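Overview (structure and organization)
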Amino acid sequence: MGGNMPRVGVFVCHCGVNIGGVIDVPEVVNYAKTLPDVVYADRNLYTCASDGIDSIKEAIKKHNLDRVVVASCTPRTHEPLFRATCEEAGLNKYLFEMASIRELCSWVHAGDPERATEKAKDIVRMAVAKARLLEPQEELEIDVEPSSLIIGGGVAGITAATCLANQGFRVYLIEKELELGGMLRKLHKIFPTQQDASELLKEAIGNLKAHKNITTLTSTVVKDVEGYIGNYRVTVQRKDGKNGELKVGTIIVATGAENFEPMEMYGYRKYENVITQLELEQLFRSGELGRPDRIVMIQCVGAREKEGMAYCSRICCMTAIKNALNIKELYQDTDVYILYRDLQTYGKEYGEYQWKAKEKNIKFIKYVPERPPEVIPQTNGKLTVKIYNVSINEEIKIKDCDLTVLSTPLIQHQAGKELSPILKVPLGSDLFFFEAHYKLRPIDFATDGIYVCGTAHGSKTISESITQACAAASRVAIPMAKKHVRSEAITAQVNEEACIGCGLCEYVCPYGAAELVRKPEGKWVSKINEIMCKGCGDCAVICPAVAIEMRHFKEEQILAQIGTSFLFPAEGEFEPKILVFACNWCSYAGADLAGVSRIQYPPNVRLIRVMCSGRVDPLFVFKAFRSGIDGVLITGCHPGECHYVSGNLWAEARYEVVKSWMEKIGMKPERLRLAWISASEGAKFASVIKDMVADMKKLGPSSLTRSLTEGGIR
Ligand code: FES
């Protein structure tokens, strides 16, 4: 099909009046016909309706089209439909490109049809420039072994294992301790139901052990993991040092957490009657509490202040109330004080629990972190707790305390920290396991086939851990039930001739997809595991030998878009030309939302979609400036929300470097901007654009623009 030169077909959509009511669609079609390699252009009232789809299929066959451009709405919603259309007509779906002239044009420039039409032509020209260079791609289909490894035998691991086994999947559950149960083994009762923790655990372990689909290995740890979704080979080691291998399709991390030991805080480990809440639970369980007359509990010990533990542990307030009620249940006359910074008893059930505690005469006193409580030993072995009570603006002393109980946060344990590099999954700044996306993929890791649940992911109540474990089991079941997964063909490719074996790609890849291998002739080269590669482009940008290319987002394709983004105006008032790079997942969606919300902004911008802000090569920025563009805006997900873990952080680091280069060559660094814009920040997208246009107007044409020859660059 098609001979040597591409044969591009362009289909421009009226989208009823959504596009056609603002943009002169016939003019855009006529313009498209003049573009290089465009052999066919037409318009439809609704290109996504069945007659529009049929017209694309017919044109592909009749005009021997080997590239298709649809100029209509956003690719985030309609690209799959048009790709499928191309496939049905016998065209590889990666030979399709979309030009968004609705969300990025007619909806946001409704008051200026003339400039909106000019911009629509530019958007179509950019899409055709990329389409001419598109290549067919093949997606990989991977078989998935229908078995799962659950790491961690606490309540989350047991729940996930049982849920999966109930669906008929083979499950291996490994636990580093001799006994199952994790933290639940150490608890007395569970809030807010006051159910006996041992009863719940007994039932959960009973269900697990009775299940024929579950193999449980205790005193066992993970030593090594190789492979990818569907095909993980896991080396496990037993306490006796013997190794074994498990072959599984998916993995769930349910390794739990541990309680922070507040060494030397408030006299812990110095005075024997200063203990933690967890130790109090053990006293309840063993019946060794005795009959205390007065107990003081201190909240937020070690939490919300220290480096690495700057977080609220979420469960400590409820734990303190639960244990205070347990004491009152045993000994009605015991005085119980809870010294708190802020009480987190959210929701109806927990709120009522707090009221119940107040009814039982448990006393709550607020303190401020600047004046924390002080624990002073008495000669009779009891303790005095000194506290500045903010409510009455007075320091008070609670004397003759038999016990001081410290509420301490949950923290990541050593085993979790060791597991992170083995699985190649990240820990967050709080050192808990870090999910792929806070809102969109809260159970998944960025690495396909590995999921997380329970307190390994952060502090949680028992019921939240169980809920998340059920969710993880459901996520894991999807690829295992399908028995295969397809990986999108947007992956990195290495030119081994050019590769210098520096290993930087291996260093930046958040998925462990790149590794150096030795060729038979002795040369070290990078090898990309295309199943593990997610297509962020970090490796392509960092490669000093330009030996890595991203399929479907190749350098030459993006450069072609940049070079065709604006026609150089010969005369007239200065209107700044601004090029925006937007990551597919957040900022492009933010731009779409500005469109859907009809937020108007100046039509001075052209936008290039990349998978991640980390794909923006400094070369692209300088190409833009050399093409006569006055300002470049790089946009991406907020820190911590990048869909490729760390792509936006690399983008930020490069941004600083490029600005310093600009300064050195006499360019104003303000011409380059970076903005974090989420999918829900349509208004922010529009306002960043407005500000940038206004600022570029003040700055005037860039020095590189002025030096360009008249007529400019197409
Ligand atoms: Fe948005 Fe990486 S995916 S910045």
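Our subject is the structure that appears above.
In short, a report on the structure. (Residues numbered from 1 in each chain as written. Predicted model: local features only at pLDDT ≥ 70, side-chain atom pairs only at ≥ 80, totals over all residues. Heavy atoms only, no water.)

Examining the overall build of the protein chain
Put simply, the rule reads: Secondary structure follows DSSP: runs of H or I at least 4 residues long count as helices, runs of E at least 2 residues long count as strands, and numbering of each begins at the N terminus. Burial classes: relative accessible area under 20% of the type maximum marks a residue as buried, over 50% as exposed, and values in between as partly exposed (1.4 Å probe, protein chains only). Here, two residues are considered to be in contact whenever any of their heavy atoms come within 4.5 Å of each other. Each accessible area is a Shrake-Rupley estimate made with a 1.4 Å probe; only the visible protein chains count as cover when residues are assessed. Only four residue types enter the tally: Lys and Arg on the positive side, Asp and Glu on the negative side, with His and both chain ends excluded. Charge placement uses NZ in Lys and CZ in Arg. For Asp and Glu, CG and CD serve respectively.
Within the protein chain, the regular secondary structure consists of 21 helices and 34 strands. Along the first, second and third principal axes, the C-alpha atoms of the protein chain reach 95 × 60 × 55 Å. Per-residue burial over the protein chain gives 58% buried out of 714 residues. Long-range pairs, those at least 24 residues apart, make up 73% of the contacts in the protein chain between residues at least 6 apart in sequence. Accessible surface, the protein chain as shown: approximately 30,200 Å² in total, 50% of it carbon and sulfur. Charge-centre separation for the protein chain: the mean point of 88 positive side chains lies 1 Å from the mean point of 88 negative side chains.

Let's talk about the environment of Thr 461
As for its position among the elements, Thr 461 is in the loop between β25 (450–452) and α13 (462–482). Every residue in contact with Thr 461, bar those within four places of it in the chain, is listed here: Phe 191, Ile 315, Tyr 346 and Tyr 350.

Structural notes on the packing of aromatic side chains
So the rule is basically this: To pair, rings of Phe, Tyr and Trp, with the six-membered ring standing in for Trp, must have centres within 6.5 Å; the planes then decide the type, stacked if under 30 degrees apart, edge-to-face if over 60, and tilted in the middle. Whether a charge sits over a ring comes down to the Lys NZ or Arg CZ being within 6 Å of the ring centre and within 35 degrees of the ring normal.
A complete count under the given rule lists 11 aromatic pairs for this structure. Geometrically, the ring pair formed by Phe 11 and Tyr 40 is tilted, given 5.7 Å between the ring centres and 50° between the ring planes. Placement of Phe 11 in strand β1 (residues 8–13) and of Tyr 40 in strand β2 (residues 38–44) is noted, with a sequence separation of 29 residues between them. Owing to a relative accessible area of 1%, Phe 11 belongs among the buried residues under this scheme. A relative accessible area of 19% means that Tyr 40 is categorised as buried. When the centroid spacing of 5.6 Å and the interplanar angle of 70° are considered together, the rings of Tyr 601 and Phe 685 count as edge-to-face. Within this pair, whereas Tyr 601 is found in the loop between α17 (587–596) and β32 (605–610), its partner Phe 685 is found in helix α20 (residues 682–699), the two being separated by 84 residues in sequence. Here the two residues Tyr 601 and Phe 685 agree in accessibility, since each one is buried. By the ring-pair criterion, three or more aromatic residues cluster together here, those being Phe 191, Tyr 346 and Tyr 350. Directly above the aromatic system of Tyr 588 lies the positively charged group of Arg 609, at a separation of 5.7 Å from the ring centroid.

Observations regarding empty space enclosed by the protein
Put simply, the rule is: The pocket and cavity definitions rest on a 1 Å grid over protein atoms only: a 1.4 Å probe that fits but cannot leave marks a cavity, an open set with protein on both sides within 12 Å along at least five of seven lines marks a pocket, and residues lining either have an atom within 4 Å of a point. Grid points are joined across faces, edges and corners, and a volume is the space filled by probe spheres set on the points. All residues other than Ala, Val, Leu, Ile, Met, Phe, Trp, Tyr, Cys, Pro, Asp, Glu, Lys and Arg, Gly among them, are scored as polar; the first ten of these are nonpolar and the last four charged.
If you walk through the whole model with that rule in mind, you get 9 cavities of 30 Å³ or more. What lines the largest cavity is a set of 22 residues, and nearest its centre among them are Met 98, Leu 104, Tyr 588, Leu 607 and Arg 609. Elements with a contribution of two residues or more to the lining of the largest cavity: β4 (96–100), α6 (113–132) and β32. Along the lines of polarity and charge, the residues of the lining of the largest cavity split into 15 nonpolar, 2 polar and 5 charged.

Quick look at the sheet that holds strand β18 (residues 335–340)
Let me state the cut-off plainly: Strands were regarded as paired on the criterion that DSSP finds at least two bridges between them. For helices, the axis comes from a line fit to the C-alpha atoms of the stretch in contact; other axes are also lines fit to C-alpha atoms, and the angle between any two N-to-C directions lies between 0 and 180 degrees.
Spatial strand order, β16-β23-β17-β18-β19: 5 strands in an open sheet with parallel pairing. Sheet topology places β16 (274–276) and β19 (363–366) at the edges, where each strand pairs with a single neighbour. Neighbour-to-neighbour, the strand axes of this sheet turn through a mean angle of 25°, independent of strand direction. Examined bridge by bridge, β16 and strand β23 (residues 403–406) share 3 bridges and lie parallel to one another. Bridge assignment links Thr 276 to a residue of β23, and that residue is Leu 406. In this fold helix α10 (residues 316–330) packs onto β17 (294–298), β18 and β19, with an angle of close to 170° to the strand it touches most, β18.

Topic: the sheet that holds β2
Taken together, the 4 strands give an open sheet; going across it, the order is β2-β1-β3-β4, and neighbouring strands pair in parallel fashion. With partners counted over all chains shown, the strands left at the sheet margins are β2 and β4, one partner each. Within the sheet, the average angular offset between the axes of one strand and its neighbour, ignoring direction, is 15°. As judged from the 5 bridges shared by strand β3 (residues 67–72) and β4, these two strands associate in the parallel manner. Residue pairing across strands places Ala 71 opposite Ala 99, the latter belonging to β4. In the packing of helix α2 (residues 25–33) onto the sheet, the strands contacted are β1 and β2, and the crossing angle to β2 comes to about 170°.

A look at α2
The condition that has to hold: When we speak of the arc, we mean the arc of directions from the helix axis to the C-beta atoms.
Residues of α2 that are buried: Val 25, Val 28, Val 29, Tyr 31 and Ala 32. Here the buried residues of α2 occupy an arc of 165° about the axis, which is enough to place them on one side. Buried residues along α2 sit against β1, α1 (17–20), β2 and α6.

Some details on unusual backbone geometry
With the exception of glycine, most residues fall at negative phi, and the peptide bonds are largely trans. Phe 191 connects to Pro 192 through a cis peptide bond whose omega is -5°. Despite not being glycine, Asp 37 shows a phi value in the positive range, around 70°. If you trace the backbone, Asp 37 turns up in the loop between α2 and β2. In this structure Asp 37 comes out as buried when scored by relative accessible area, which is 18%.

Focus on the pattern of salt bridges
Just so we agree on the cut-off: Salt bridges, as used here, are contacts in which a Lys or Arg side-chain nitrogen is within 4 Å of a carboxyl oxygen on Asp or Glu.
Counted according to the given criterion, the structure contains 44 salt bridges. The partner of Asp 335 in a salt bridge is Lys 363, with the nearest N and O atoms 3.7 Å apart. Placement of the pair is Asp 335 in strand β18 and Lys 363 in strand β19, with a sequence separation of 28 residues. Taking relative accessible area as the criterion, Lys 363 reaches 27% and is therefore assigned partly exposed. Salt-bridge contacts for Arg 615 lead to Glu 549; the nearest nitrogen and oxygen are separated by 4.0 Å. Placement of the pair is Arg 615 in the loop between β32 and α18 (618–626) and Glu 549 in strand β30 (residues 548–550), with a sequence separation of 66 residues. Arg 615 gets classed as buried once you look at its relative accessible area, which sits at 3%. Glu 549 gets classed as partly exposed once you look at its relative accessible area, which sits at 23%. Three or more residues are tied together by salt bridges with common partners; here these are Arg 441, Asp 444, Asp 448, Arg 475 and Lys 534.

Things to note about the side chain of Ser 646
Tracing the sequence through the fold places Ser 646 in the loop between β33 (631–636) and α19 (647–664). Look at Ser 646 and you get buried, because its relative accessible area is 16%. Not counting residues up to four positions away in its chain, the partners in contact with Ser 646 are Pro 510 and Asp 538.

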